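Coordinate inspection notes
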Amino acid sequence: MEIQQGLIGKGREAIGIIADNDTFKENVIEDYSFDPEIGPGAVIGTVNINGEAATIIANDAMAINPKFPVVYFGIIGMEEANKMAMAVYYTIEADKEKPIEEKRPLILVVDTPGNGPGKVEEIIGMNKATGGYQLALAEARKKGHTVIAIVIGRAISGAFLCHGLQADNILSLSKEFQTMIHVMPLTSISRITKLDIERLEELSKVNPVFASGAEFFEKLGGVEEVVKKIEDMPETIIKHINEVREYKKAGQAEKTGPWGRGLLGDQRGGRVTRMSVIEKMNEEYEDVAEKYLKA
Amino acid sequence: MALNELKFVIKADNPKTINTEYYHFGVVGSGDMEVIMEKKELDGNAEVKIVTPVRGFDKIWELVVTKFVKENQLGDVFIDINDNNATPVIVHMRLRQALSEINKLATVSQKDIWDNMQEKDFVEATARERAIGLVDEGTFTELAGPKDRISSPHLPVLGEAIGYDDGCVTGVGLIGKKPVFVISQEGRFIGGAVGEVHGAKMVGAFKLALKAYEDIMNEYPDSYEERRPAVVISFETGGVRLHESNAGLLAHAEVMDQIQDCRGKIPVFGVIGSKVGCFGGMGFVAAATDVIIMNEQGRLGLTGPEVIEQEMGKDEFDASDKGLIYRTTGGKHKYIMKDCNFLVEDKVEDFREKVQEVLKQPFEEIEKYRRIGSLKLIEEQAELVELAVDVNPGDARDMWKHIGNETADELPELTVEEFLKAVKIR
Amino acid sequence: MKFLRLISISKPTIEKEGAKQMAHDKEKVWNKLEIDFKERKKNAEHLVKEGKIVESKDTVALLEAVIKTGDKVNLEGNNQKQADFLAECLCKVNPEKVNDLHMVQSVLSLDSHLDVFEKGIAKKLDYSFSGPQAGRLADFIKEGKLELGAIHTYLELFGRYYMDLTPRVALIAGFEADKDGNIFTGFNTEDTPVIVEATKFKQGVIVAQVDKIVDKVQRVDIPADWVDYVIESPKPFYIEPLFTRDPALITDTQVLMAMMAIKGIYAEYGVQSMNHGIGFFTAAIELLLPTYGEELGLKGKICSYFSLNPHPTMIPAIESGWVKSIHCFGGELGMEEYVKERSDIFFVGEDGSLRSNRAFSQVAGHYAVDMFIGGTLQIDKYGNSSTATANRVAGFGGAPNMGCDAKGRRHSSESWLNCGQECGMQEKAIGDLPRGKKLVVQMQETFKEKMDPTFVDKLDAWKLAENANLPIPPVMIYSDDVTHIVTELGIAYVDKCSDLNEKMAAIRAVAGYTEIGLMADEKETEALRQKGIVKTPEDLGIDVTKANRSMLAAKNIKELVKWSDGLYNPPARFRNW
């Protein structure tokens, strides 16, 4: 594997590569503007992609949030997640009268090492901020917006759950760019589950279910496509925007998003049990549905 | 590696079969086991299958199960055991308890069983007991339950014990005329953590609830309100199951997506009152529900106490201080912060009655209990975060005092009843 | 010139002393210790501020002044109370000035208790219990950093303080002192009186750390005449909450075994006085008295008198009127207020605080109790009981003293006589004279965590003796003292056995699927059941399906607080609400 110069820690640079030249208007979405002091680790704004306006949300791994000691270097804390959620809601609001083909896409540029594990975060309720951002993205999707996520660096655990995993389609730079997609590094998994680290390393080479990396997630249906060259990013994103828009126009939204990725996982052989469980439940419910529907 | 699978065929002198087709008993917790006993034509023999991570004790297993079969004169029975390091005495006890329950079926009514369950402390109840107990008596049908024997395809290769419900009980029941789809997580099975099968069951339950909604809207266009389905999740989980971390993570995203699909259609309840609490990515899911009901022992959050201590140091957060943990993530604190809508007493009955009570309200009213899911709600949360910056709480009590609770120190000592009278919420 | 004048002034005294010393060859000197004591006091004179007060910053200097190389030094490592500041300071003395110390102390509990060996300040050790430091202690012995004298049971060690292990210097801890040196040790008096008396009356030096120096102490536990130096330490002395057991952790199996013990032993023999060894089995028994004990109509017939620390799990039984008196070895964090308000039950001074005393509790535990009951780790096929593991030297604590028949006992009680009457091997030993016997009960499940068997062919204590160079394997309770063994499968009334073979068969009968239990012969076991030497839960009339946590009078710490009307104040680590 040839290691390439990647984009880890370079969220702002990635925006520059992905968007049409010089179109990035930070902290602005239509008529709404954001206070730059709040959530410095979350970079939001409007760009043009292939000529049309799009909302972009990225992580700034160089930023530190002075108000929250556990939030630094791209960690998504409460301010960041709330800000990202608001960016999504303003996007929905801005295009609410428009038909599907004119609703602006949302591009999530993912490079975050995690959520903030702090005391104040627990007291105030970090889970609401992350959950809130997820719901906002899910709503955007279901209202016809196309949401594309592209992993350029680290996509870790709960931070990836809220910033990435609700997208219609998820792309990722390949492992040559040191992208990291996982819940936890193997050393931590080993320590917590008390499973032998050598065994885990051995298994992780072949079993995508806990191995770290874009290629494994692709097999599981967690990533739609792996991008092999940085310069291919804009083109690939545009391709996916168009594809997803077509599905939404045709009323085939179930082919995208988390559910769509579930189907992919089944197709690609990475998550085969899942579908059979859901089908079993459907079958068994059919046998008793009458009792419940006609109580 | 794989798990150790043992099979024994035992002939008792005067074998008799059991008086039911199928019976499931137990939870595959650490040091424990589950068993299914089924009637089966075996020429009078009893067949015992054991799946266990333990090696080197095959002989003892044989002795224990042989003794059990012979002393109870069992035949034409298939005994199917999933073990997780249970000692011989626990094995014998569970087998005896299962048989005792089977024998009681003839004399004890389902109503009595349900009534007993209502009296149980929620925190002591198993996931199955909670699922059955949260809906009206006798209405619960389990879906994809242990009978289907769907276990994790990923745990055996890691040498981890499996369970036939993968730590998640799903099914449907009724509260009044409303079909209520229940998801109940078992904290004793790998901490209630979500793997591929567990996650699929959660998603499957939501899908069925949404389908039921469509069917009822079609069937009863004028009277659907009293039949509007609901989803109730009894959370007990640490989040993603690390052994299947990627599948678990993807399942979390799917569940959140389903919750968004339920918006404007069916209410989703989060019920949190069990030992493990609700943490990790499932903390996000809980926050996304319409209504959260907790008891004093329940805990809701993202990060576990040990990790916070590791990150911030023992002086900032001492994970061995249980009082601190409860002030930070416990039911009373979440109630004060409006992160949970209702605080109830400890019995299964108390939770069921609260769900029932809330379900009587019109759907538009129920939606008002939400804490996230719209721009307005997020702006409110953002304000709360800014307040936190101002108050800079060293301890949750600082927030309670700021909100107006002068006797903040005493609040943890009060009973739920006293607390609800005395407390000021955000 | 000045120098000469000084000499001439003090000449008469020196002459007198000198005369004594010059007569060394002709006449023996009988007050060497007194002379030495006075010399040490003189060395430290300049550090004393007022009365007997030394400032905490001068502690290391004080220790260097009053301790000499080769001294026997006692350091209060008690079970609960720790003279932690003095221990830290002892580790800071200059090993060139002070070394080769012989530590004689009850408990090795803090890291500093072993650091002092690592730094070359101490060399030899005689002690009783080392639970928290067991692993490290084993390493030190192996590496030669520490020379082990012997492991004792508490009362035995206290006895040696008055024989051949008298400390030259004792470093103790208390709550308060006045400037004269009166010390209040109150709730956590523990071993202090026995240590101080032995040391002081052999002309030894007593150094005390106290939380606070006051004008007048709340109560005089150690009189000023017996104390040489008091230091107000920077932090209050450390107390281990050793005896608090969270009822939420008691399992159904432990409840079953507790029920068996209550019905099959307590009720059977009419046991009125006892000591409960530390652990969850006894906690379960304590919590079943108001429920199961009540059901069996046993109030007033059992459990009236205890030699016991103030276990929080005793609260429901006390509140329900079961208990007449409890004498405590030491205190227990959080129980201070409760004990104060229950002065009819506990030994409480006029000032309202408990007076504990380990030595006297151990005496009571030896002679004045009808029964000792506790948990163990291993039992061999003969019935010898041990908590030793191959790589941890944990010691014994009080169990060997309380868990043995008191051959010197002469007063009778119902239980003592009942037990002696059925002792199968008594006649072989003393002929046909009637004699009573103390009940010594050992409880454990046949398998502990991770399928670790309790019943073994050979105790790990043998391996430990090899690894740590001990003269004999350390056994907590020998088979000839064990009268009953309780497992989840039943009770073996081993004391009824007429010889060792029968005893071994009785043990096999309750040893389940362990290698020992698998050797049980069905017919043999049946015969023993007929004789009443082995009783299963069914034989005892106990419904196993009812044996679960719902029987406990309190299921968690919060319920204990409720039982105590809010008087019990659990330490932070037990407060889970």
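These numbers were taken from a predicted model, which means no experiment stands behind them.

Thresholds applied
Residues numbered from 1 in each chain as written. Chains lettered and ligands numbered in written order. Predicted model: local features only at pLDDT ≥ 70, side-chain atom pairs only at ≥ 80, totals over all residues. Heavy atoms only, no water. Helix = DSSP H or I, 4+ residues; strand = E, 2+ residues; numbered from the N terminus. Contact = heavy atoms within 4.5 Å. Polar contact = N/O pair within 3.5 Å; in protein donor to acceptor, adjacent residues only side chain to side chain. Patch = residues over 30% accessible without salt bridge, like charges linked within 9 Å, V, L, I, M, F, W, Y side chains within 5 Å. Areas by Shrake-Rupley, 256 points an atom, 1.4 Å probe, with all protein chains shown as cover. Salt bridge = Lys/Arg side-chain N within 4 Å of Asp/Glu carboxyl O. Domains from an automatic or database assignment. Buried area = accessible area lost by both parts, 1.4 Å probe. Nonpolar A, V, L, I, M, F, W, Y, C, P; charged D, E, K, R; others polar. Expected span 1.5 Å × (residues − 1). Buried < 20%, exposed > 50% of the residue type's maximum accessible area, 1.4 Å probe, protein only. Arc of directions from axis to C-beta.

Residue and element names in this part refer to chain C. For Q442, the location among the structural elements is in strand 19 (residues 439-443). Put simply, Q442 and I373 are 69 residues apart on the chain and 6.0 Å apart in space, counted from C-alpha to C-alpha. Not counting residues within four places of it along the chain, the set of residues in contact with Q442 comprises F372, G374, G375, T376, I379, S385, M476, I477, V482, H484, I485 and V486. A distance of 2.5 Å separates the side chain of Q442 from the side chain of S385, its partner in a polar contact.

Quick look at a nonpolar patch on the surface now. Together, F360(C), V363(C) and Y367(C) make up an exposed nonpolar region whose accessible area comes to about 300 Å². Turning to its location among the elements, V363(C) is positioned in helix 13 (residues 358-368).

This part is about the domain arrangement of chain C. When the parts come together, some accessible area is lost, and that loss is often what is quoted as the size of the interface. Residue and element names in this part refer to chain C. Domain annotation for chain C reports domain 1 (52-238) and domain 2 (247-562). Each of domain 1 and domain 2 was reduced to a C-alpha centroid, and the two centroids are 32 Å apart. Taken together, the contacts link 33 residues of domain 1 with 34 residues of domain 2. Summed over both partners, the interface of domain 1 with domain 2 comes to about 2,600 Å²; 57% of that surface belongs to carbon and sulfur atoms. Seen at the junction of domain 1 and domain 2, the total is four salt bridges. Taking the shortest distance from any N to any O, the salt bridge between R219 and D351 comes out at 3.0 Å. The tally of links between domain 1 and domain 2 comes to 24 residue pairs in polar contact (both at pLDDT 80 or more). The set of elements that each furnish at least two residues to the side of domain 1 that touches domain 2 consists of strand 6 (122-129), helix 6 (134-143), strand 7 (147-151), helix 7 (154-161) and helix 8 (192-200).

Quick look at the interface of chain A and chain B now. Across the boundary between the two partners, chain A contributes 80 residues, which contact 98 residues of chain B. Of the roughly 7,500 Å² buried between chain A and chain B, counting both surfaces, carbon and sulfur atoms make up 68%. Together, K119(A), E122(A) and Y292(A) form the three largest contributors to the area buried by chain A at its contact with chain B, with a combined 11%. Across the chain A-chain B interface, the total number found is nine salt bridges. Across the pair K142(A) and D257(B) runs a salt bridge whose closest N-O atoms are separated by 2.7 Å. Per-element tally for the side of chain A that touches chain B: the top contributor is helix 11 (residues 272-293) of chain A, with 15 residues. Of the residues contributing to the side of chain A that touches chain B, the split by class is 43 nonpolar, 20 polar and 17 charged.

Here we come to helix 13 (residues 375-391) of chain B. Residue and element names in this part refer to chain B. A rise of 1.5 Å per residue sets the reference length of helix 13, with its 17 residues, at 24 Å; its end C-alpha atoms lie 24 Å apart and thus fit the reference within 8%. Listed in full, the buried residues belonging to helix 13 are L377, I378, Q381, A382, L384, V385 and A388. Considered in projection along helix 13, the buried side chains sweep an arc of 155° and stay on one side of the axis. Exposed side chains of helix 13 directed beyond 90 degrees from the buried face belong to K376, E383 and D390.

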